Amino acid sequence: LRILVCVSGGGTNLQAVIDAIGSGSLTNTEIIGVISNNKNAYALTRAEQNGIDAVCVSPKDFPDREAFNRAFLEKVNEYHPDLIVLAGFLVAIPAAMIESYRNRIINIHPSLIPSFCGVGFYGLKVHEAALARGVKVTGATVHFVDEGTDTGPIILQKSVQVHQDDTPKTLQQRVMEEAEWQLLPQAIDMIANGRISVEDGKVRYK
Ligand code: GRF
C-alpha cells in the first residue's frame, strides 16, 4: 500500500508509522511521501531523516484558499497514493480531494468521537475540553475522512483513563502513547491487508 502522510506539527504519529514499518508490525505498506502545510514542522525533519520524500505546500504561498486547494491536490496526485493519512494535519481537506479519494483518506483524532471533536477541537483544546467536562475515560479514534470535520466512518477506537491530576499536556501525552501511536499503524495495516470494508457508512472488519 502506497501511503502519503500529511502533517502540520511534531510528527509523532508519523514517527509511529515509520517505526511500525521498521519493526515489521505494519506490513505491505510504503510511505511514498510526507506533505506539510507548515515549512517548520518537525515532521518534515523526521521524514528526511528516514529517507522519505518531504515537501511543504503552504497556504501562505498562495493568493487564496482555492489556489492552495488546487496546488495541494495536484501535489497529492503526483504521488499516486493508495491511501492518504492525516497525522496531526490541521488544514481542511478540499471537497474535490474528498471526492477523488473517497474512503481513501484517514485521520487520527485524540478523543472518542463523537465526543470533543469537530471544528475547533484540535491539539490541546481536545484535552482541555475533556478535563473541563470531567470525563473519566477518553481516548483516540481513527476514521475515514468525509466532507465534515471528524465525521467519517470510524475505523478503530481505544480508550485511555483520565487521571485526577491530569493537565491537558499530561493527558495528551498519555492519549498519544496509549492510543494514537498504536491505532494509526494498526488501521493502516488493516487497510493494507484488505481487512476493512465500508458498508452503509459503517466500517466492517473482514
Ligand atoms: C496531536 O495533538 C495528536 O493528538 C493529533 O495531532 C497532534 C500532533 O500530532 N493527531 P503529531 O505529533 O504531529 O503526530
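Residues numbered from 1 in each chain as written. Predicted model: local features only at pLDDT ≥ 70, side-chain atom pairs only at ≥ 80, totals over all residues. Heavy atoms only, no water.

- The chain has the name Phosphoribosylglycinamide formyltransferase in an unreviewed UniProt entry, where Eisenbergiella massiliensis is given as its organism.
- In its Catalytic activity (unreviewed entry) section, UniProt records this for the chain: "N(1)-(5-phospho-beta-D-ribosyl)glycinamide + (6R)-10-formyltetrahydrofolate = N(2)-formyl-N(1)-(5-phospho-beta-D-ribosyl)glycinamide + (6S)-5,6,7,8-tetrahydrofolate + H(+)".
- Its UniProt record, at the heading Function (unreviewed entry), says of the chain: "Catalyzes the transfer of a formyl group from 10-formyltetrahydrofolate to 5-phospho-ribosyl-glycinamide (GAR), producing 5-phospho-ribosyl-N-formylglycinamide (FGAR) and tetrahydrofolate." (UniProt positions renumbered as here; feature names shortened; annotations may be inferred.)

**Some points on the overall build of the chain**
Consideration 1: A count of helical and extended segments in the chain gives six helices and nine strands.
Consideration 2: At 16 Å, the chain has a C-alpha radius of gyration in line with the 17 Å of a compact globule built from 206 residues.
Consideration 3: Across the chain, the fraction of contacts at a sequence separation of at least 24, relative to all contacts at a separation of at least 6, is 63%.
Consideration 4: Averaging the coordinates of the 19 positive side-chain charges in the chain and doing the same for the 23 negative ones gives two points 3 Å apart. (Helix = DSSP H or I, 4+ residues; strand = E, 2+ residues; numbered from the N terminus. Rg over C-alpha atoms; globule rule 2.2 N^0.38 Å. Contact = heavy atoms within 4.5 Å. Lys, Arg positive; Asp, Glu negative; His and termini not counted. Charge placed at Lys NZ, Arg CZ, Asp CG, Glu CD.)

**Things to note about the packing of helix H5 (residues 124–133) against helix H6 (residues 168–192)**
Consideration 1: Two numbers describe how H5 lies on H6: the axes approach to 9 Å, and their chain directions differ by 110°. Viewed along their axes, H5 and H6 adopt a mutual orientation that is roughly perpendicular. Crossing hand, H5 versus H6: right-handed. Counting all contacts with H5, which are made through Leu124, His127, Glu128, Ala130 and Leu131, the residues of H6 involved are Pro168, Lys169, Leu171, Gln172 and Val175.
Consideration 2: Residue composition of the contact of H5 with H6, by class: six nonpolar, two polar and two charged. (Axes fitted to C-alpha atoms, helices over the stretch in contact; angles between N-to-C directions. Parallel < 35°, antiparallel > 145°, perpendicular 65-115°, else oblique. Left-handed = near helix turned anticlockwise from the far one by under 90°. Nonpolar A, V, L, I, M, F, W, Y, C, P; charged D, E, K, R; others polar.)

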